[in-house]
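# Observations on the three-dimensional arrangement
Below are the chains, spelled out letter by letter.
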Amino acid sequence: MQLAQDVKDFLWAEYDTQDDLIYPNIDNWDDLLAETIEADNYDALTKEEVLSILFGLIHRNRIVEGLWWSMFERGVTQKLLKRLLSLDTNKI
């Protein structure tokens, strides 16, 4: 579980450096996540959608204990991170 915690820490340090709680900025991030998992279509997500989902999971983990780790164990987090990496490395 240390790896999952390290990923959370990295996301905060990289994408919300001032702890402004700027994500999730998409209100229906949880519906978007459910649809993405169902369709297994992570490549259709924008960077804002990916970050909203990832940070949404982090925030919701405070209410639903273990949610972040569950998504990590299921491979969902890794697919989202792969998409985020793809979007970040294709910047112009």
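Placed above this text is the structure.
These lines cover the structure that appears in this document, whether it is placed above or below. Position numbers for residues start from 1 in each chain and track the written sequence from start to end. Local features in this predicted model are restricted to residues of pLDDT 70 or higher, and side-chain atom pairs are both shown and tallied only at a pLDDT of 80 or more, whereas totals for entire chains, interfaces and linings draw on every residue. Side-chain calculation: all heavy atoms of the structure are included, whereas hydrogens and water are not.

### Considering the nonpolar core
Residue types Ala, Val, Leu, Ile, Met, Phe, Trp, Tyr and Cys, when buried and joined through side-chain atoms within 4.5 Å, form a set referred to as a nonpolar core. A 1.4 Å probe rolled over the protein chains alone gives each residue an accessible area, and that area as a share of the maximum for its type sets the label: buried under 20%, exposed over 50%, partly exposed in between. By size, the foremost hydrophobic cluster in this structure holds 25 residues, and its most contacted members are Leu11, Leu33, Ile53, Phe55, Leu57, Trp68 and Leu80. For this core, the elements supplying multiple residues, two or more each, are α1 (2–15), α2 (29–39), α3 (47–60), α4 (67–73) and α5 (76–89). For Leu11, the residues in contact, after removing those within four places along its chain, are Asp16, Leu54, Phe55, Ile58, Trp68, Leu81 and Leu84. Every helix listed is a DSSP run of H or I at least four residues long, and every strand listed is a run of E at least two residues long, numbered separately from the N terminus. We call two residues in contact whenever any of their non-hydrogen atoms come within 4.5 Å of each other.

### Some points on the pattern of salt bridges
Opposite charge on two side chains lets them pair, provided their charged atoms get close. A pairing counts as a salt bridge when a side-chain nitrogen of Lys or Arg comes within 4 Å of a carboxyl oxygen of Asp or Glu. Counted under the stated rule, the structure contains three salt bridges. The salt bridge involving Arg60 is made with Asp30; its shortest N-O contact spans 3.5 Å. Within this pair, whereas Arg60 is found in helix α3, its partner Asp30 is found in helix α2, the two being separated by 30 residues in sequence. Looking at Asp30, the relative accessible area reads 30%, which means it is partly exposed. For Lys47, the salt bridge goes to Asp88, with nearest N and O atoms at 2.7 Å. Linking Lys47 in helix α3 with Asp88 in helix α5, this pair joins segments that are 41 residues apart in sequence.

### Remarks on the packing of aromatic side chains
Paired rings are identified among Phe, Tyr and Trp, the last through its six-membered ring, by centres lying within 6.5 Å, and are further divided according to the angle between planes into stacked (under 30 degrees), edge-to-face (over 60) and tilted (the rest). One pass over the structure, following the stated rule, counts three aromatic pairs. Where Trp12 meets Phe55, the ring centres are 5.0 Å apart and the plane angle is 90°; that geometry is what we call edge-to-face. Placement of Trp12 in helix α1 and of Phe55 in helix α3 is noted, with a sequence separation of 43 residues between them. Each member of the pair, Trp12 as well as Phe55, carries the same accessibility label: buried. Judged by centre distance (5.4 Å) and plane angle (25°), the ring pair of Tyr23 and Phe55 falls under stacked. With Tyr23 in the loop between α1 and α2 and Phe55 in helix α3, this residue pair connects regions lying 32 residues apart in the sequence. One aromatic cluster is present, built from ring pairs that chain together Trp12, Tyr23 and Phe55.

### Things to note about unusual backbone geometry
Between Tyr23 and Pro24 the backbone carries a cis peptide bond, its omega angle lying at 0°. Position of Pro24 relative to the elements: it lies in the loop between α1 and α2. The phi dihedral of Asp19 falls on the positive side, at around 55°, and the residue is not glycine. Even without glycine at this site, Asp40 takes up a positive phi of about 50°.

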